[in-house]
Amino acid sequence: MTPVAELVGARIERVDLPRATELYVTLRRPNAARLECLVLSFAPVGPAMWLAPTRPRGDTAPPSITKVRHHWVGARVGSMEQVEPHVLEMTVERSGAASKLRMEWSVRGARALFTLSGDRPLAKLELDPGGAPRAIAIDSLPGPPDTTGTSSEGEVEFLRRTLRERLLRDVAKLEKRARAVEGDLERSADSATIRQRADLLLANIAMVSKGATSVEVTDWSLDPPALVTLELDRRLDAKAQIEALYQRARRMDRGRPIAAERLAETRAAIASLGQKLTQIAEATTLEALRSLDVARGRAPTGASATTRRAKVPSRQPFREFVGTGNVTILVGRGAKDNDSLTVRIAKPHDLWLHVRDTTGAHVIVQLDRSGECPSDVLVDAAHLAVHFSERRDEPTVDVSYTPRRYVRKPKGAAPGAVLVDREKVLALRVEPARLARLLASEIKRDTP
């Protein structure tokens, strides 16, 4: 037994709600060597408090707990008292301000109410009723209660209902996913029609005038042959539209087996959850319910999908170098990789560099939010930009640089082509020794 008074002054490290009935407050008591978890339970059997050695895994914290964390983490326990036979209160102090948790239980149900100074509501947790109130004493805190024996019927039913509702939500998500994948499969069946349309357009490309929105051609595959009207995109020329149609058909053909596999995985996951729902219905004790492997927080994705992703390593679209002061400098590997590096990876406050008036790599200097780049790092990055460009053999080269936020990719532009605002120019005289140091600093990673 741990006296409650010993918890006063303890620092709060975490606040979690891993189960629908138990609030875990991770504490570090003064002069204590390890963390402890104060469990505040407002289950249907009545309010209770105990100390647990570890914090269990469970549901993702709801928004109400996220708000509590903001005020409680880093604060200290002020007091804990039993104000009524079935009402517990806990105060938390931080920078002179106090907040309070009031836990109460009655025939109307269990409730945990968090308030700030002046009783301003912060968050509230409520549960359904499950029996008569029960008074407890909190002079000392026991260890975790023994749930291996006979459990209260109300507590078992509450946990059973909680787990069942969670699984039903997961089943609903999976069924929604299955319907979406079935729709993808139905649409992929149109690949033959799209390819036929591309063939017709290719055979009659001379009939397509610039800016036309449609063209009427003869389809000789019909019996008898007939005139058909093909809709066109006036923004693209005929060759571009034909290639787009072929690409779309190929993409559908490639995606059809993947969608079929994903649909099979999703249906298998739904069947697995159906078995767990049966196990929940048949369980008669808390131990049996808690031993079930119930996925928490998200619907299952299927084991084979996870395995497939693990076999396909991600490819980095950049080389990674270390500049002066251990600053990371990223260099795009090619035109399409330049787009990925600049548009998707770089942060708005990072520094972007490129050699003026020639093709070459985009270079990104990763900076903190202040966006300040030391002069030595700027020169390092400029050396890499020159080395990975078509002007690498020239002794003096102009290098453009600007914060990434001023670089934009026009719609329809060629790979690697961007527009730059507010650029500055550095006239760089290449230093062979500096360049050699930078190239030797490259961080090699496994890429396919």
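As the structure is a prediction and not an experimental result, all values here were calculated from the model.

A. Region of the structure containing the packing of aromatic side chains. A full pass over the atoms with the stated rule returns two aromatic pairs. A ring pair is formed by W72 and F114, whose centres lie 5.5 Å apart and whose planes are at 75°; its orientation type is edge-to-face. One end of the pair, W72, is in helix α1 (residues 63-72); the other, F114, is in strand β9 (residues 109-116), with 42 residues separating them in the sequence. F114 matches W72 in its accessibility class, with the two residues each being buried.

B. Looking closely at the side chain of E89. For E89, the location among the structural elements is in strand β7 (residues 87-94). Relative accessible area serves as the criterion here: at 13%, E89 is assigned to the buried category. Side chain to side chain, E89 and R102 meet in a polar contact 2.6 Å long. The contacts of E89, once residues within four sequence positions are left out, are S79, M80, E81, V83, K100, L101 and R102.

C. Structural context of the packing of helix α3 (residues 191-203) against helix α4 (residues 238-282). Two numbers describe how α3 lies on α4: the axes approach to 9 Å, and their chain directions differ by 160°. When the axes of α3 and α4 are compared, the pair comes out roughly antiparallel. Crossing of α3 over α4 shows left-handed handedness. Between α3 and α4, the residues in contact are S191, I194, R195, R197, A198, D199, L201 and L202 and Q241, I242, L245, Y246, R248, A249, R250, M252, D253 and R256, respectively. Looking at the contact of α3 with α4, its residues break down into nine nonpolar, two polar and seven charged.

The rules behind the values
Position numbers for residues start from 1 in each chain and track the written sequence from start to end. Only residues with pLDDT of 70 or above have their local features reported here, since the model is predicted, and side-chain atom pairs are shown and tallied only from 80 upward, although totals for entire chains, interfaces and linings are computed over all residues. Heavy atoms from the whole structure form the basis of all side-chain values; hydrogens and water molecules are not counted. Two aromatic rings from Phe, Tyr or Trp, using only the six-membered ring of Trp, form a pair when their centres are within 6.5 Å; if the ring planes differ by under 30 degrees the pair is stacked, by over 60 it is edge-to-face, and anything between is tilted. The way it works is that DSSP assigns letters per residue, a run of H or I at least four long becomes a helix, a run of E at least two long becomes a strand, and they are numbered from the N terminus. For each residue, the accessible area found with a 1.4 Å probe, counting protein chains only, is set against the maximum for its type, and the residue is called buried under 20%, exposed over 50%, and partly exposed in between. Two N or O atoms form a polar contact when they lie within 3.5 Å of each other; inside protein one atom must be a possible hydrogen donor and the other a possible acceptor, and for residues adjacent in sequence the pair counts only when both atoms belong to side chains. Working rule for contacts: check all heavy atoms of both residues, and any pair within 4.5 Å makes them a contact. The axes are straight lines fitted to the C-alpha atoms, using for helices just the contacting stretch, and the angles between their N-to-C directions are given from 0 to 180°. Oblique is the label for any angle not covered by the other classes, which are roughly parallel (under 35 degrees), roughly antiparallel (over 145) and roughly perpendicular (65 to 115). Handedness of a crossing follows from how the near helix is turned relative to the far one, being left-handed for an anticlockwise turn of less than a right angle and right-handed for a clockwise one. Under the scheme applied, nonpolar residues are Ala, Val, Leu, Ile, Met, Phe, Trp, Tyr, Cys and Pro; charged residues are Asp, Glu, Lys and Arg; polar residues are all the others, including Gly.

Don't take any of this as a statement about function, it's just geometry.
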